[in-house]
Amino acid sequence: MLRIHKINELQVMKMSTITCYYYLIVISLFFCLFISVSCQRKEANVINDPNLEQALTRYSHMLDDSIMYYMNLVDTTYLNEYDRKYYDILGCIIAREKNNRRSQSITKIDSLLAFCIRNNDYYYAGEMAHTGSDYYHYKDKTKMTQYLKQAEHYYFLSEMNPRIGIMPQLYLRISFSLSRDKMHDDAIEYAYKALPYIIKDDKYNNMEFNRMLLFNMPDTTSIDTATRIFNKAVFYAKQLRDSCMLYDIEIFYEGRFAKNEDRQMEVAKKSCTTTRINHHAEYVIEYYLNRHQIDSAKKYLSILALDTAKSIGIKDNYLEYEARIWHEKRNYAVAYDKLYSLYQSVKQRNDTTPLAGTYLTVKHYDEMYEQERELQEKAKIKIHKIILITLLVILS
């Protein structure tokens, strides 16, 4: 009996050993299969066209003329599907950088964004979201902000550092959008988010940072502080030789802090007659209406009309000023019709809370990405637990 019992024990031990070896072999096979599939996938997802590869390599460092040189050498006839996607991605980015905002359809941009996400290429997902935000610039603040928040998210997920100037550009655009919605505290917060990324020689973003501070400081700000920020913004605008921005900054400063309406009106008048910033005519119209100078107000209303196609906000202001002019002329029926047209326009857009749109979009995406990060952390912990349990089973 004792001998039979020992034989059974040996058989059990032998079976346990065989079972352990079996599990080890199965796990090893799965591991090898996983590595093999990953390698094959990695080999499939590589750029095959050497000229396209050169263009992408150069773009990751800086946008320069050599990129177009290599892009022009690419023979699109022979591009495979993967290369074609990156050729289109780079084409969209180049169009964006050249301010050809709507030369690419938003459908194409969204398709390329989805492609980048599927391939875990978060850097170019950020670039495509950035391009989407540019598409909606001055067209739809809410959608522009949605794409900006996506771009911020994917740039942070990326292992590559965004090109110099991209992060401050994103944050300052969000700041600008919040500023237009009169969310001044949040606009200043996003302006300061941009500051760590702004280098000394970056004239444009330095100007834009100071401009956002100036435009969003409270009325209680001392004239000395406002003047200091104003002078910095003007300094960089002059360095850039950007007369449009220079006028914009001076008009705001003279009206808000210097309290010099005559000077504000003169600068605005010069701006809308010598540059393409026709909406600065609003300041001139307001000035003349407050002084009941109707003919002068009508003259500048015709200048403002040139910009109504550019922005819904400018079109709304145009209708309001038109109504006020007719009211001053005591033609109340026409004034009412103009105001009713404005009401219908706002109602049709369902624009019940226009000032909160950008703010709510920013908060929504912040909360959404915070939840996503928490889920990623939980997933990592779960994977670590599975690996630990598997190792314990193998070693036991």
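Just above, that's the structure.
The model shown is predicted, which means the values in this text are computed figures rather than measured ones.

**Concerning the overall build of the protein**
- A count of helical and extended segments in the protein gives 18 helices and 0 strands.
- Out of the 396 residues in the protein, the part that is buried amounts to 40%.
- Excluding contacts between residues fewer than 6 apart, the proportion of contacts in the protein whose partners are at least 24 apart in sequence is 62%.
- Surface exposure of the protein reaches about 23900 Å², of which carbon and sulfur atoms provide 56%.

**Some thoughts on a nonpolar patch on the surface**
- The grouping of Tyr 336, Tyr 340 and Tyr 343 at the surface amounts to a nonpolar patch, some 360 Å² of accessible area in total.
- The topology assignment puts Tyr 343 in helix α17 (residues 332-348).
- The partly exposed category is assigned to Tyr 343, whose relative accessible area is 45%.

**Things to note about the packing of helix α16 (residues 312-328) against α17**
- One can describe the packing of α16 onto α17 by two numbers: an axis separation of 7 Å at closest approach and a directional angle of 165 degrees. When the interaxial angle is binned, α16 and α17 end up roughly antiparallel. Two packed elements cross with a definite hand, and for α16 against α17 that hand is left-handed. Mapping the contact onto sequence places Asp 316, Leu 319, Glu 320, Glu 322, Ala 323, Trp 326 and His 327 in α16 and Tyr 332, Val 334, Ala 335, Lys 338, Leu 339, Ser 341, Leu 342, Ser 345 and Val 346 in α17.

**Side note on unusual backbone geometry**
- If you check the backbone angles, Lys 182 has positive phi at about 65 degrees while not being a glycine.
- Tracing the backbone through its elements, the reader meets Lys 182 in the loop between α8 (166-180) and α9 (184-194).
- Given the relative accessible area of 55%, Lys 182 is considered exposed.
- One non-glycine residue, His 292, lies in the positive phi region at around 60 degrees.
- When you line up the elements, His 292 lands in the loop between α14 (281-290) and α15 (294-304).
- Here His 292 falls in the exposed class, since its relative accessible area comes to 55%.

**Digging into the environment of Tyr 190**
- Mapped onto the elements of the fold, Tyr 190 is located in helix α9.
- Counting along the chain gives 22 residues from Tyr 190 to Pro 168, while the straight-line C-alpha distance between them is 9.2 Å.

**Structural notes on the packing of α15 against α16**
- Contact geometry of α15 with α16 gives a least axis separation of 11 Å together with a crossing angle of 160 degrees. Judged by the inter-axis angle, α15 sits roughly antiparallel to α16. Crossing of α15 against α16: the hand is left-handed. Side by side, α15 and α16 meet where Ile 294, Ala 297, Lys 298, Leu 301 and Leu 304 of the first sit next to Ile 314, Tyr 318, Tyr 321, Glu 322, Ile 325 and Glu 328 of the second.
- Here the residues of the contact of α15 with α16 sort into 8 nonpolar, no polar and 3 charged.

**Notes on the pattern of salt bridges**
- One pass over the structure, following the stated rule, counts 13 salt bridges.
- Here Glu 152 ties to Lys 149 by a salt bridge, and the two come within 2.7 Å at their closest N and O atoms. Of this pair, Glu 152 and Lys 149 both sit in helix α7 (residues 141-157), 3 residues apart, which is roughly one turn of the helix. Taken individually, Glu 152 and Lys 149 each receive the classification buried, so the pair is uniform in this respect.

Definitions and cut-offs
- Residues numbered from 1 in each chain as written.
- Predicted model: local features only at pLDDT ≥ 70, side-chain atom pairs only at ≥ 80, totals over all residues.
- Heavy atoms only, no water.
- Helix = DSSP H or I, 4+ residues; strand = E, 2+ residues; numbered from the N terminus.
- Buried < 20%, exposed > 50% of the residue type's maximum accessible area, 1.4 Å probe, protein only.
- Contact = heavy atoms within 4.5 Å.
- Areas by Shrake-Rupley, 256 points an atom, 1.4 Å probe, with all protein chains shown as cover.
- Patch = residues over 30% accessible without salt bridge, like charges linked within 9 Å, V, L, I, M, F, W, Y side chains within 5 Å.
- Salt bridge = Lys/Arg side-chain N within 4 Å of Asp/Glu carboxyl O.
- Axes fitted to C-alpha atoms, helices over the stretch in contact; angles between N-to-C directions.
- Parallel < 35°, antiparallel > 145°, perpendicular 65-115°, else oblique.
- Left-handed = near helix turned anticlockwise from the far one by under 90°.
- Nonpolar A, V, L, I, M, F, W, Y, C, P; charged D, E, K, R; others polar.

Shape is all these values report; function is a separate question.
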